[in-house]
Amino acid sequence: MQIHSGQFEYMVSQTPPGLLGQFLIISLMTLLLMNSDFPVSILYVWNVCGVFLLAYRYLHYRRFYQDKNRKDSKQAQKWVRRYIADVLLMGILWAILFVQIIQLTPQEYHYIAMAVALGLAGAAIVTMGSVFPVYFAFIFPMLAALIVAVYFKGTYIYTIASLVTLLGLVYLLYTAHKYSRNFLVIFEKSEQLKETELEALECLGKAGEYRDTDTGAHVFRVGYAAYRLALSAGFSESDAKTLMLASPLHDVGKIGISDNILLKPGKLTDEEWLVMKEHARMGAEILKSANSNIMKMAKLVAISHHEKWDGSGYPNGLSGEDIPVEGRIVAICDV
């Protein structure tokens, strides 16, 4: 099954509530079984193993967010395999507990075990369901072992209970598979929208640059330089990338300047220079109705990248730190 890195990233983001939920259920089951004939030694070993696996998955979750290459498709597949191994062990651990409950405790505890197992499987759709192989690895060993243990109790009521649990397993697997497929479609559509937005930004950036140069490559060099300088200035990775994508639009307002001024080979007259300076305001006007973060930053850059520290810039004559830092960064990179 195809897995998008965004699917796995979403699932990992749900790890903390999932771990907390399992820890609470482990605690409740422990308190419940301590009042039964269930062997204390088995319960103790099961608790230690369960808490260890939860702690391991939490550490795995922390390392995932520290891995800068996690969105790479091959790296994402490696993380998926590691996660599957952990949840598979956790599913087997729950399966062992439920089988022991069926074999060693009175009948009322059997119904509690089935209810807890189905509850865990249902809740896991929210925390693991975006990646079907992970969900399958967790619930299948747990519910399959429980179904077999209940069925071989041999009585009519247990046969019915095992069939109901089997139907529950089939329904949950079907629901999780559909849930996972929907997530894949959503992330693929999201990628397509991002590609479309980036292509539109590229075309718009080139449109302004081609008016007065032989190549549009300059705006993309500015973008990468702005990204590196923004990181050095303390921007987060996300904000620096946004500036990188927004900065190629810094001169988009040149679209509104006539060729006889924009392409004039000699020095501009005072009147022509006043018109030329309007391209910063025109750029902000072109971008003013946009709502995306990239376009909002592009508008800020367009209106401020010709301001100067001493106040002699345009269009608003800003000075010093009154000039947005994004505009200052792009001004340096543009030069």
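Anything mentioned here points back to the structure above.
A quick note: this is a predicted structure, and the numbers were derived from the prediction, not measured.

Participant: Help me understand the packing of helix H12 (residues 293-304) against helix H13 (residues 325-334) in this model?
Facilitator: Describing two packed helices takes the angle between their axes plus the distance from one axis to the other. The N-to-C vectors of H12 and H13 enclose an angle of 65°; their axes lie 8 Å apart at closest approach. When you trace H12 past H13, the crossing you get is right-handed. Contacts between H12 and H13 pair Met297, Leu300, Val301 and Ser304 from the former with Glu326, Gly327 and Val330 from the latter.

Participant: Help me understand the nonpolar core in this model?
Facilitator: Most often, soluble globular proteins have nonpolar side chains that are buried together. Counting 55 residues, the largest nonpolar core has Phe8, Trp94, Phe98, Ile101, Tyr135, Phe138 and Ile139 as the members making the most contacts within it. Contributions of two or more residues to this core are made by helix H1 (5-13), helix H2 (15-34), helix H3 (40-66), helix H4 (73-104), helix H5 (107-128), helix H6 (132-151) and helix H7 (156-210). Discounting chain neighbours no more than four positions away, the residues touching phenylalanine 8 are Phe64, Trp79, Val80, Tyr83 and Val131.

Participant: What should I look at first to understand a positive patch on the surface in this one?
Facilitator: Side chains of Arg63, Lys74, Lys78, Arg81 and Arg82 sit close together on the surface and give a patch of like positive charge. At 4 residues, H4 tops the list of elements feeding residues into the positive patch. Mapping lysine 78 onto the fold places it in helix H4.

Participant: Help me understand the packing of aromatic side chains, please; the structure alone is not making it clear to me.
Facilitator: To describe a pair of aromatic rings, one takes the distance between the centres and the angle between the planes. Taken as a whole, this structure holds 9 aromatic pairs when the rule is applied. Centre to centre, the rings of phenylalanine 132 and phenylalanine 136 are 6.0 Å apart; their planes meet at 45°, and the pair counts as tilted. Of this pair, phenylalanine 132 and phenylalanine 136 both sit in helix H6, 4 residues apart, which is roughly one turn of that helix. Residue class for phenylalanine 132 comes out buried when judged on its relative accessible area of 16%. Ring centres of phenylalanine 136 and phenylalanine 140 lie 4.9 Å apart, and the angle between their planes is 15°; this geometry places the pair in the stacked category. Remark: phenylalanine 140 and phenylalanine 136 occur in helix H6; sequence separation between them is 4 residues, near one turn of the helix. A residue is classified by how much of its surface remains accessible, and phenylalanine 136, at 33% relative accessible area, is partly exposed. Its relative accessible area of 35% is what places phenylalanine 140 among the partly exposed residues. What links up through ring pairs into an aromatic cluster is the set Tyr10, Tyr179 and Phe183. The ring of tyrosine 158 has lysine 153 lying over it, and the distance from NZ or CZ to the ring centre is 5.9 Å.

Participant: I'm lost on the pattern of salt bridges in this one. Help?
Facilitator: Opposite charge on two side chains lets them pair, provided their charged atoms get close. Tallying each qualifying case throughout the model produces 6 salt bridges. Its salt-bridge partner being lysine 254, residue aspartate 251 comes within 3.3 Å of it at the nearest N-O pair. Look at aspartate 251 and you get buried, because its relative accessible area is 7%. Of the residues examined, lysine 254 reaches a relative accessible area of 9% and is grouped as buried. Here lysine 264 and glutamate 272 are joined by a salt bridge, their closest N and O atoms 2.7 Å apart. Under the relative-accessibility criterion, glutamate 272 is labelled buried at 18%.

Participant: Can you help me understand the side chain of glutamate 272 in this one?
Facilitator: Looking at the element boundaries, glutamate 272 is found in helix H11 (residues 270-287). If we skip the residues at most four places from it in the chain, glutamate 272 touches Ile261, Lys264 and Lys267.

Participant: How should the environment of phenylalanine 183 be read in this particular structure?
Facilitator: As for its position among the elements, phenylalanine 183 is in helix H7. Residues phenylalanine 183 and valine 131, spaced 52 residues apart in sequence, show a C-alpha to C-alpha distance of 8.4 Å. Residue contacts for phenylalanine 183: discarding those within four places in its chain leaves Gln7, Tyr10 and Ser130.

Definitions and cut-offs
Residues numbered from 1 in each chain as written. Predicted model: local features only at pLDDT ≥ 70, side-chain atom pairs only at ≥ 80, totals over all residues. Heavy atoms only, no water. Axes fitted to C-alpha atoms, helices over the stretch in contact; angles between N-to-C directions. Helix = DSSP H or I, 4+ residues; strand = E, 2+ residues; numbered from the N terminus. Left-handed = near helix turned anticlockwise from the far one by under 90°. Contact = heavy atoms within 4.5 Å. Core = buried A, V, L, I, M, F, W, Y, C linked by side-chain atoms within 4.5 Å. Buried < 20%, exposed > 50% of the residue type's maximum accessible area, 1.4 Å probe, protein only. Patch = residues over 30% accessible without salt bridge, like charges linked within 9 Å, V, L, I, M, F, W, Y side chains within 5 Å. Areas by Shrake-Rupley, 256 points an atom, 1.4 Å probe, with all protein chains shown as cover. Salt bridge = Lys/Arg side-chain N within 4 Å of Asp/Glu carboxyl O. Lys, Arg positive; Asp, Glu negative; His and termini not counted. Charge placed at Lys NZ, Arg CZ, Asp CG, Glu CD. Phe/Tyr/Trp six-rings, centres within 6.5 Å; stacked < 30°, edge-to-face > 60°. Lys NZ or Arg CZ within 6 Å of the ring centre and 35° of its normal.

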